[in-house]
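Topology and contacts: notes
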Amino acid sequence: MSDDPGGARGPAWHVGALAAGIVAIATSVWAPQGLIGDLLVLVVAVCALLFSLDASRRRGPLRGAAIAGALLAGLAMIVAAAVFLVALAKALP
């Protein structure tokens, strides 16, 4: 996780982080039903959050997009964790 001084790759990371946040939200809609689907949504949300946090540390004009992606991924992760824990509690006797 290096700090890019804002070179040519900075805006690409920022837009990618926003896209990762959107994908984290969209995965909760299109994931399969059940415990495996809930785990998939949780893993995608955690990965998107880590990527977005790394991208938000880079300087550039689109840094706000990376922060928005991190917020979306964080919200998706909180919801996915809650849904996964409820599904896990129902699955266990």
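You'll find the structure just up there.
We now turn to the structure provided with this report. Remember, predicted model here, so these are calculated numbers, not experimental data.

**What to know about the overall build of the chain**
From N to C terminus, the chain includes three helices and zero strands. When the elements of the chain are put in sequence order from the N terminus, they spell out α-α-α. With the C-alpha coordinates aligned to their principal axes, the bounding extent of the chain is approximately 55 × 20 × 15 Å. Expressed as a percentage of the 93 residues in the chain, the buried residues total 34%. Contacts spanning at least 24 positions in sequence make up 76% of the contacts within the chain whose residues lie at least 6 apart. Surface exposure of the chain reaches about 5,700 Å², of which carbon and sulfur atoms provide 75%. The distance from the centre of the 6 positive side-chain charges to the centre of the 4 negative ones in the chain is 3 Å.

**Some thoughts on the environment of V79**
You can see V79 is positioned in helix 3 (residues 63–91). V79 sits 37 residues away from L42 along the chain, and the two C-alpha atoms are 8.6 Å apart.

**Examining the packing of helix 1 (residues 10–30) against helix 2 (residues 35–56)**
Two elements in contact, helix 1 and helix 2, have axes separated by 9 Å at closest approach and are oriented at 160°. When the axis of helix 1 is compared with that of helix 2, the two are roughly antiparallel. Handedness of the helix 1/helix 2 crossing: left-handed. Residues W13, H14, G16, A17, A20, V23, A24, T27 and S28 of helix 1 form the contact with helix 2, whose participating residues are V41, V44, A45, A48, F51, S52, D54 and A55.

**Topic: the environment of G34**
Mapped onto the elements, G34 comes out in the loop between helix 1 and helix 2. Of the residues examined, G34 reaches a relative accessible area of 37% and is grouped as partly exposed. On a C-alpha basis, the gap between G34 and A65 in space is 32 Å, while along the polypeptide they are 31 residues apart.

**Thoughts on helix 2**
If you check helix 2, its first and last C-alpha atoms are 31 Å apart, about what 22 residues at 1.5 Å a residue would give, namely 32 Å. Every buried residue of helix 2 is listed here: G37, D38, V41, L42, A45, A48, L49, S52, D54, A55 and S56. In the core, the buried residues of helix 2 are packed alongside helix 1 and helix 3.

**Concerning helix 3**
The terminal C-alpha atoms of helix 3 lie 41 Å apart, and with 29 residues this matches the ideal 42 Å at 1.5 Å per residue to within 8%. The elements touched by buried residues of helix 3 are helix 1 and helix 2.

Analysis parameters
Residues numbered from 1 in each chain as written. Predicted model: local features only at pLDDT ≥ 70, side-chain atom pairs only at ≥ 80, totals over all residues. Heavy atoms only, no water. Helix = DSSP H or I, 4+ residues; strand = E, 2+ residues; numbered from the N terminus. Buried < 20%, exposed > 50% of the residue type's maximum accessible area, 1.4 Å probe, protein only. Contact = heavy atoms within 4.5 Å. Areas by Shrake-Rupley, 256 points an atom, 1.4 Å probe, with all protein chains shown as cover. Lys, Arg positive; Asp, Glu negative; His and termini not counted. Charge placed at Lys NZ, Arg CZ, Asp CG, Glu CD. Axes fitted to C-alpha atoms, helices over the stretch in contact; angles between N-to-C directions. Parallel < 35°, antiparallel > 145°, perpendicular 65-115°, else oblique. Left-handed = near helix turned anticlockwise from the far one by under 90°. Expected span 1.5 Å × (residues − 1).

Coordinates in, geometry out; function isn't part of it.
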